[in-house]
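Analysis of the macromolecular model
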Amino acid sequence: MSIVLRDYQQEVIDSLIETESEKLGTVIVPTRGGKTYIMREYLDLIMSKPTLDKQIVVVVSPRRALNKQLFSDINIDGCETIIFQSDTKINHVDEKDQSHTAKVMRKVSQLTNELIKNPAKKILIIVTLASCEVLFNILAETNLRSSVTIFDEAHNLVTKENSKLTDHNSSVMLNSDAIRYFTATAKDASSEDYSMRNEARYGKEIEKISPKRLVEAGHTLPMYVTLAKIKFKKKHVKDGKLTEEGNVHALVDMIKQHEKFCKKQQAGVVPAIILAGSGSKDIDYINDEGKEKLEKIGYKVFKMLSKEGTGKTDAALAGFRSYKDGKKILLQFAMVGEGITIPDCSATIMMRSLSGISFIQYGSRPCGREESEVKLKKYGHVIVMATDGI
């Protein structure tokens, strides 16, 4: 599959090739800058080398939903691609998940045996953060290595638990010839040791693309931010916090403000909106009564909550993407910030203010230009509630 890269994307790939002898390195490309395109083209170049004597490359992502998206987006000719996700670290595993895990484990075992017998075979393995260590332990047991390991959304590594994967004695480090960390921004942590600015863990910045470059290249729209001032009634507040009815009232008000914005821009009302609740917290702001109120003002509602399980979140996202019969809203509170593609998105509504990478990740979702013919003419719209509660 041939992809026409933008200048800045080609610059990143050139820098990756120039530094391929380095063990570690970080690539910073803003949200909507085409990190997946860059990864795909880079891996294609790596896997097409006739002298390659180690045939495995690994891409690590934070979530299962993103794994499935990467499986569709990264297609390398002559390379077999599999998703590996072990459930060993999940507390509640149903029979279907267990069966899938056993099937994938058998597949990896089969592939590793084939690799030993057939040096020409090439494999791309896409794995979740939670299953990464399990996979690399399997590779180590069979004396196999990853030629290149790429961490997508690498800012997820800065927690104390996940940072173990960047330890120099980790199975990932010991069984990867090179590791590249892709992120929208180099995230700091409570401890400098875990920070992405720690070159001992993450290497040097191989390339850093500014958001301005994306706008200049026509790849993304500038962001227009509205601070929504909302009038609340006494029934909307309890113990200094918004009630469920208050949250619905605020959301409906912000949707109406977005529709006015669209009309002012002479762009019509674009049908898809994301609700980014409170950053990484997976909180259900909208109850069934609230869902009915949103539907009364013309919006088909889809809810993605990770606590409901992978099956329901996948179904909600698939339903949201495929719905074409009118206005729609995705009530989503944690996963949209992790690289999930949201087509036809006109706005991100934030029920509380976010800062740093959370704002970038959520706020930039409506700023894409190429995924849909239906876009605002001038801006991606972000609406933020001016107060966190009352």
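Small disclaimer: the values here were computed from a predicted structure and weren't measured.

About the cut-offs
- Residues numbered from 1 in each chain as written.
- Predicted model: local features only at pLDDT ≥ 70, side-chain atom pairs only at ≥ 80, totals over all residues.
- Heavy atoms only, no water.
- Helix = DSSP H or I, 4+ residues; strand = E, 2+ residues; numbered from the N terminus.
- Buried < 20%, exposed > 50% of the residue type's maximum accessible area, 1.4 Å probe, protein only.
- Contact = heavy atoms within 4.5 Å.
- Areas by Shrake-Rupley, 256 points an atom, 1.4 Å probe, with all protein chains shown as cover.
- Pairing = 2+ DSSP bridges.
- Axes fitted to C-alpha atoms, helices over the stretch in contact; angles between N-to-C directions.
- Patch = residues over 30% accessible without salt bridge, like charges linked within 9 Å, V, L, I, M, F, W, Y side chains within 5 Å.
- Salt bridge = Lys/Arg side-chain N within 4 Å of Asp/Glu carboxyl O.
- Polar contact = N/O pair within 3.5 Å; in protein donor to acceptor, adjacent residues only side chain to side chain.
- Phe/Tyr/Trp six-rings, centres within 6.5 Å; stacked < 30°, edge-to-face > 60°.
- Lys NZ or Arg CZ within 6 Å of the ring centre and 35° of its normal.
- Parallel < 35°, antiparallel > 145°, perpendicular 65-115°, else oblique.
- Left-handed = near helix turned anticlockwise from the far one by under 90°.
- Lys, Arg positive; Asp, Glu negative; His and termini not counted.
- Charge placed at Lys NZ, Arg CZ, Asp CG, Glu CD.

1. Side note on the overall build of the protein chain
Secondary structure assignment for the protein chain yields 12 helices and 15 strands. Expressed as a percentage of the 390 residues in the protein chain, the buried residues total 52%. In the protein chain, of all internal contacts separated by at least 6 residues, the share reaching a separation of at least 24 is 78%. A total accessible area of about 18,300 Å² is found for the protein chain, and carbon and sulfur atoms account for 49% of it.

2. Things to note about the sheet that holds strand 2 (residues 56-61)
Strand pairing in a sheet relies on backbone hydrogen bonds. The paired strands run either parallel or antiparallel. Reading across the sheet, the seven strands line up as 3-4-2-5-6-1-7 and stay open at both edges, with parallel pairing between neighbours. Edge positions in the sheet fall to strand 3 (80-84) and strand 7 (205-208), since each has one partner strand and no second. Here the strands of the sheet are splayed against their neighbours by 15° on average, with no regard to which way each runs. Across three bridges, the pairing between strand 1 (residues 24-28) and strand 7 is parallel. Considered in strand 7, the bridge of I28 is made with K208. Across the sheet, helix 1 (residues 7-18) lies against strand 1, strand 6 (179-183) and strand 7, angled at about 170° from strand 7, the strand it touches most.

3. Regarding a nonpolar patch on the surface
Taken together, the side chains of M223, V225 and L227 define a hydrophobic patch exposed on the protein surface, amounting to about 250 Å² of accessible area. Position of V225 among the secondary structure elements: in strand 8 (residues 223-228).

4. Points about helix 5 (residues 129-141)
L129, S131, C132, V134, L135, F136, I138 and L139 are the residues of helix 5 that are buried. Of the residues one or two after helix 5, N143 is the one with positive phi, at around 60°.

5. Side note on the side chain of T149
Relative to the helices and strands, T149 is located in strand 5 (residues 146-151). Engagement of the side chain of T149 in a polar contact is seen with the side chain of S146, the distance being 2.9 Å. Reaching out from T149, the side chain makes a polar contact with the side chain of S176 at a distance of 2.8 Å. Sequence-distant contacts of T149, that is, excluding residues within four places in its chain, are made with V58, V60, F136, V172, S176, A178, I179 and R180.

6. A closer look at the pattern of salt bridges
In the structure shown here, the tally under the stated rule is eight salt bridges. D177 is the salt-bridge partner of R145, the closest N and O atoms lying 2.8 Å from each other. Placement of the pair is R145 in the loop between helix 5 and strand 5 and D177 in the loop between helix 6 (171-174) and strand 6, with a sequence separation of 32 residues. For D177, a relative accessible area of 31% corresponds to the partly exposed category. Salt-bridge contacts for E245 lead to K235; the nearest nitrogen and oxygen are separated by 3.3 Å. Taken together, the positions of E245 in helix 9 (residues 244-264) and K235 in the loop between strand 8 and strand 9 (237-238) put the pair 10 residues apart, joining distant regions of the chain. For E245, a relative accessible area of 32% puts it in the partly exposed group.

7. Considering the side chain of N156
Along the chain, N156 turns up in the loop between strand 5 and helix 6. Classification of N156 by relative accessible area gives buried; the value is 18%. At 2.8 Å, the side chain of N156 and the backbone oxygen of E153 are in polar contact.

8. Points about the environment of V172
Relative to the elements of secondary structure, V172 occurs in helix 6. Judged by its relative accessible area of 0%, V172 falls in the buried class. Sequence separation between V172 and T149 is 23 residues, and the spatial gap between their C-alpha atoms is 8.2 Å.

9. Concerning the packing of aromatic side chains
Applying the stated criterion to the full structure yields five aromatic pairs. Ring centres of F151 and Y181 lie 5.4 Å apart, and the angle between their planes is 20°; this geometry places the pair in the stacked category. Placement of F151 in strand 5 and of Y181 in strand 6 is noted, with a sequence separation of 30 residues between them. Exposure class is identical for F151 and Y181. Each is buried. These aromatic residues form a ring-pair network of at least three members: F151, Y181 and Y202. Directly above the aromatic system of F320 lies the positively charged group of K328, at a separation of 4.8 Å from the ring centroid.

10. Here we look at the environment of F151
Residue classification places F151 among the buried residues on the basis of a relative accessible area of 1%. Here the alpha-carbon distance between F151 and T26, two residues 125 residues apart in the chain, equals 9.5 Å. Filtering out sequence-adjacent residues up to four positions away, F151 remains in contact with V60, L129, C132, L157, L165, V172, I179, R180, Y181 and F182.

11. What about the packing of helix 9 against helix 10 (residues 288-296)?
At a closest axis distance of 10 Å, the pairing of helix 9 and helix 10 adopts a crossing angle of 20°. Between helix 9 and helix 10, the interaxial angle falls into the category roughly parallel. Classified by chirality, the crossing of helix 10 by helix 9 is right-handed. Counted together, E245, V248, L251, V252 and I255 of helix 9 and G290, K293 and L294 of helix 10 form the full contact between these two elements.

12. Examining a negative patch on the surface
On the surface, E244, D288, E289, E292 and E295 cluster together into a negatively charged patch. Per-element tally for the negative patch: the top contributor is helix 10, with four residues. Here D288 shows up in helix 10.

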